[in-house]
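Below are the chains, spelled out letter by letter.
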Amino acid sequence: SAVISQKPSRDICQRGTSLTIQCQVDSQVTMMFWYRQQPGQSLTLIATANQGSEATYESGFVIDKFPISRPNLTFSTLTVSNMSPEDSSIYLCSVSTNMGRKQYFGPGTRLTVT
Amino acid sequence: QKEVEQDPGPLSVPEGAIVSLNCTYSNSAFQYFMWYRQYSRKGPELLMYTYSSGNKEDGRFTAQVDKSSKYISLFIRDSQPSDSATYLCAMMGTNFGNEKLTFGTGTRLTIIP
């Protein structure tokens, strides 16, 4: 399986600011995804990061709030914009080379918004 | 009703016991079934991956899928303290609108030495 790193591992941010989270993979992968994990809840898919085109967002998530970039097959960023305390969560990237069926996750970014 | 239901636990068992973790689901389109293990402050780690119904064994871990009952299980034999983690089930379909992973909420497991 691929080795996936995320930066930052954690951050505390003020309301109204933005944070960009980076996801780096040690090999080329076809699919990259961004998830949110809130305490006591399932992992929720935010969007699929598409290389060379706009991300595909799930219901309830919009590009203005969660802009995503994927400039190549090993790197993606997720920005959490105009943050509020409700955005406090763990954000995870995952990768797949198998049509999204086998997904491998990064270590996560723990975000606290005050 | 959630698409995937998983008992959140917590579940505590003595070392060496057999652990049974379960999920039920409602979407008959799900064809791929996975179990992830997540240690505290870490990302989920893929443990087991199965397609359609049947059993799959990997060391001390056995995954079972019963599509007729919409029920999946993960068994851990000879449980160890290092198995203490949160276990998440996940599943996925193949037809339009079902190609994304849907997760359970996770079961927190503690193995008592």
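The preceding data block contains the structure.
Residues numbered from 1 in each chain as written. Chains lettered and ligands numbered in written order. Predicted model: local features only at pLDDT ≥ 70, side-chain atom pairs only at ≥ 80, totals over all residues. Heavy atoms only, no water.

K.L.:
Sorry, what's going on with the overall build of chain A here?
P.N.:
Assigned secondary structure in chain A consists of 0 helices and 11 strands. In chain A, the succession of helices and strands from N to C terminus is β-β-β-β-β-β-β-β-β-β-β. Taken over the C-alpha trace, chain A has a radius of gyration of 13 Å; the compact-globule value for 114 residues is 13 Å, and the two agree within 12%. Taken along the three principal axes of its C-alpha coordinates, chain A extends 35 × 25 × 20 Å. Counting every position in chain A, which comprises 114 residues, the buried fraction comes to 50%. Taking as baseline every contact in chain A between residues at least 6 positions apart, the subset at least 24 positions apart corresponds to 54%. When the accessible surface of chain A is summed, it comes to about 5500 Å², and 48% of that surface belongs to carbon and sulfur atoms. (Helix = DSSP H or I, 4+ residues; strand = E, 2+ residues; numbered from the N terminus. Rg over C-alpha atoms; globule rule 2.2 N^0.38 Å. Buried < 20%, exposed > 50% of the residue type's maximum accessible area, 1.4 Å probe, protein only. Contact = heavy atoms within 4.5 Å. Areas by Shrake-Rupley, 256 points an atom, 1.4 Å probe, with all protein chains shown as cover.)

K.L.:
Sorry if this is basic, but what is going on with the environment of Q24(A) here?
P.N.:
Residue and element names in this part refer to chain A. On the secondary structure map, Q24 appears in strand β3 (residues 19-25). Its relative accessible area of 33% is what places Q24 among the partly exposed residues. Between the alpha carbons of Q24 and T74 there is a distance of 5.8 Å; along the sequence they are 50 residues apart. Here Q24 is in contact with V3, I4, S5, T74 and F75, once residues within four sequence places are set aside. One polar contact links the side chain of Q24 to the main-chain carbonyl oxygen of T74, over a distance of 3.2 Å. (Polar contact = N/O pair within 3.5 Å; in protein donor to acceptor, adjacent residues only side chain to side chain.)

K.L.:
Sorry if this is basic, but what is going on with the interface of chain A and chain B here?
P.N.:
When the parts of a complex come together, some accessible area is lost, and that lost area is often taken as the interface size. Counting from both sides, the interface comprises 21 residues of chain A and, opposite them, 18 residues of chain B. Both sides together, the interface formed by chain A and chain B hides about 1500 Å², and carbon and sulfur atoms give 56% of it. Considering only the side of chain A, the residues that lose the most area to chain B are L43(A), R101(A) and F105(A), jointly responsible for 33% of the buried surface there. Where chain A meets chain B, there are 1 salt bridge. The residue K100(B) makes a salt bridge to E58(A) at a minimum N-O spacing of 3.0 Å. Our count for the contact surface shared by chain A and chain B stands at 4 residue pairs in polar contact (both at pLDDT 80 or more). Secondary-structure elements contributing two or more residues to the side of chain A that touches chain B are β4 (31-37), β5 (43-49) and β10 (104-105) of chain A. Grouping the constituent residues of the side of chain A that touches chain B by class yields 8 nonpolar, 8 polar and 5 charged. (Buried area = accessible area lost by both parts, 1.4 Å probe. Salt bridge = Lys/Arg side-chain N within 4 Å of Asp/Glu carboxyl O. Nonpolar A, V, L, I, M, F, W, Y, C, P; charged D, E, K, R; others polar.)

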